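One letter stands for each residue in the lines below.
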Amino acid sequence: RQLAYGLFLCALAFTTMAGFAFIQNFNFNKEWLWVMSVFNIPGYMVTAVSIGVALDAVGRLRGGRWLAMAAAAVCVVSPLAQHWHHNDKSEHYWARDYAMNVLNSLSPNAIYIPDADHQSFPAVYLQAVEGVRPDVFIGRKCGYLEPALIAGMPEEPMRAAMGEFPRRRDEPRIIAWLLENTDRPIYMSVPPRLPPGTGAHIAQAGLVYRVLRPGETMATRDYWAGYQWHTLDPGDARGDFTAELILYEIAVARAKERLRAGDTQDGLALLEEALGHYGCDPVVLNNIGVICAKAGLYEAAGRYFREALSLHPRQSAARRNLELLENRK
């Protein structure tokens, strides 16, 4: 009823939606579209208020009361009926199952350093709320490495150069320091690039990767046989990004194992399955290309790099990897 305030509210909603997206270097790959969707919430709120204002105006017309009530009922019931199945999370155990299987992959008294939200938050929940694996130290909970993880690191020269919150590029040196200054097993959700000269190597342990010290070995174990899932049916993902990402990671992890075993056909089939779960995304295509290149499948790697560039011609990682591949040829 006060037009100036109404327009101001709409302007705030729009600037929040558009402004925050651009401030955070918004791009159109699948992950960022999902992450940025939270900034649409002010737009939904203003839309709901606007619908209420419109219904109120209709209700003030002669004979408009019942029409407004019917329209209000449709506004509530229609989206509820249309989107109920998509939003019903009563049997949505994807993140919990993933975290439980990851924690069960770790040796006693392990340090686990997750890389992304779905790898850390469910594990933190299971440990803090349900008391699962209290012996495990989760080394990243909110984006940065936990201060307790590097509390014993000497101030000079390492801590002073890194600052209070070490960046991702500092982490290889931190992992190398941990290998020398703790005897706890170290696991990561993404295999790290360690500084040369550490003598350490990376071993896949199902869904995670263990950083092994020189001379350290890992017992043979069929991790996949021990994992338990409520469902791995892609239809049960219902378009949820986290569920699709978990399906993708499972297929990629199994593909890496098959490729290391020399089973090229199964390995490539699993990579294609992973791509089907996630969708054609330039970042994912580049990552799959890197996996193929490391396995010596250069033709397949080049195909994935070129497909990534066809979707995003300015993607520097895919272009650089393709150039490296051509130089190798």
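Notes on the structure in this doc start here. Values in this document were obtained by computation on a predicted structure and should not be read as measured data.

1. Describing the sheet that holds strand β1 (residues 111–113)
What the five strands build is an open sheet, ordered β2-β1-β3-β5-β4; its pairing is mixed. Bordering the open sheet on either side are β2 (137–138) and β4 (201–205), each of which pairs with just one other strand. Strand direction decides the pairing type here: β1 and strand β3 (residues 186–188), joined by three bridges, are parallel. Considered in β3, the bridge of Ile111 is made with Ile186.

2. Thoughts on helix α11 (residues 264–278)
Between its terminal C-alpha atoms α11 stretches 21 Å, which fits the 21 Å expected from 15 residues at 1.5 Å a residue. Considered for burial, the residues of α11 that qualify are Gly267, Leu270, Leu271, Ala274, Leu275, His277 and Tyr278. Down the axis, α11 shows its buried residues gathered within 160° of arc, on one side only. Seen from the buried face of α11, the exposed residues on the opposite side, beyond 90 degrees, are Gln265 and Gly276.

3. Describing the pairing of strand β5 (residues 208–212)
Regular strands show a simple pattern: their side chains alternate between the two faces of the sheet. Extensive coverage of β5 is indicated by the burial of five of its five residues. Because side chains alternate across β5, one face comprises the buried residues Val208, Arg210 and Leu212, and the other comprises Tyr209 and Val211, equally buried. In the sheet, β4 pairs with β5 via five bridges, with the strands oriented antiparallel. Across the sheet, residue Ala203 finds its bridge partner in β5, namely Arg210. The turn linking β4 back onto β5 is made up of two residues, and Gly206 within it adopts a positive phi angle of 70°.

4. Brief notes about the side chain of Glu216
Relative to the helices and strands, Glu216 resides in the loop between β5 and α9 (223–226). One polar contact links Glu216 to Arg210, side chain to side chain, over a distance of 2.9 Å. When residues no more than four places from it in sequence are discounted, the contact partners of Glu216 are His201, Arg210 and Val211.

5. Some words on the side chain of Asp97
Checked against the element boundaries, Asp97 lands in helix α5 (residues 94–104). Although buried, Asp97 forms no salt bridge, and the nearest oppositely charged side chain, Arg96, lies 5.0 Å from it. Engagement of the side chain of Asp97 in a polar contact is seen with the backbone nitrogen of His230, the distance being 2.8 Å. Leaving out residues up to four positions away in the same chain, Asp97 has contacts with Gln228, Trp229 and His230.

What counts as what
Counting restarts for each chain: residues are numbered from 1 in the order of the written sequence. pLDDT decides what is reported in this predicted model: residues at 70 or higher carry local features, side-chain atom pairs at 80 or more are listed and counted, and totals for whole chains, interfaces and linings draw on all residues regardless. Computation of side-chain values covers all heavy atoms of the structure but excludes hydrogens and water. Between any two strands, pairing holds if DSSP finds at least two bridges. Under the scheme used here, helices are H or I runs from DSSP no shorter than 4 residues and strands are E runs no shorter than 2 residues, and both carry numbers assigned from the N terminus. By this rule, a helix spans an expected 1.5 Å times one less than how many residues it contains. Whether a residue is buried, partly exposed or exposed follows from its accessible area with a 1.4 Å probe, protein chains only, as a fraction of its type maximum: under 20%, in between, or over 50%, in that order. The arc in question is traced by the directions running from the helix axis to the C-beta atoms. Polar contact criterion, stated in full: a pair of N or O atoms within 3.5 Å, where within protein one must be able to donate a hydrogen and the other to accept it, and residues adjacent in sequence count only if both atoms are side-chain atoms. It only takes one pair of heavy atoms within 4.5 Å for two residues to be counted as in contact. Here Asp and Glu are counted as negative and Lys and Arg as positive; His is not counted, and neither are the chain ends. What counts as a salt bridge is simple: a side-chain nitrogen of Lys or Arg found within 4 Å of a carboxyl oxygen of Asp or Glu.

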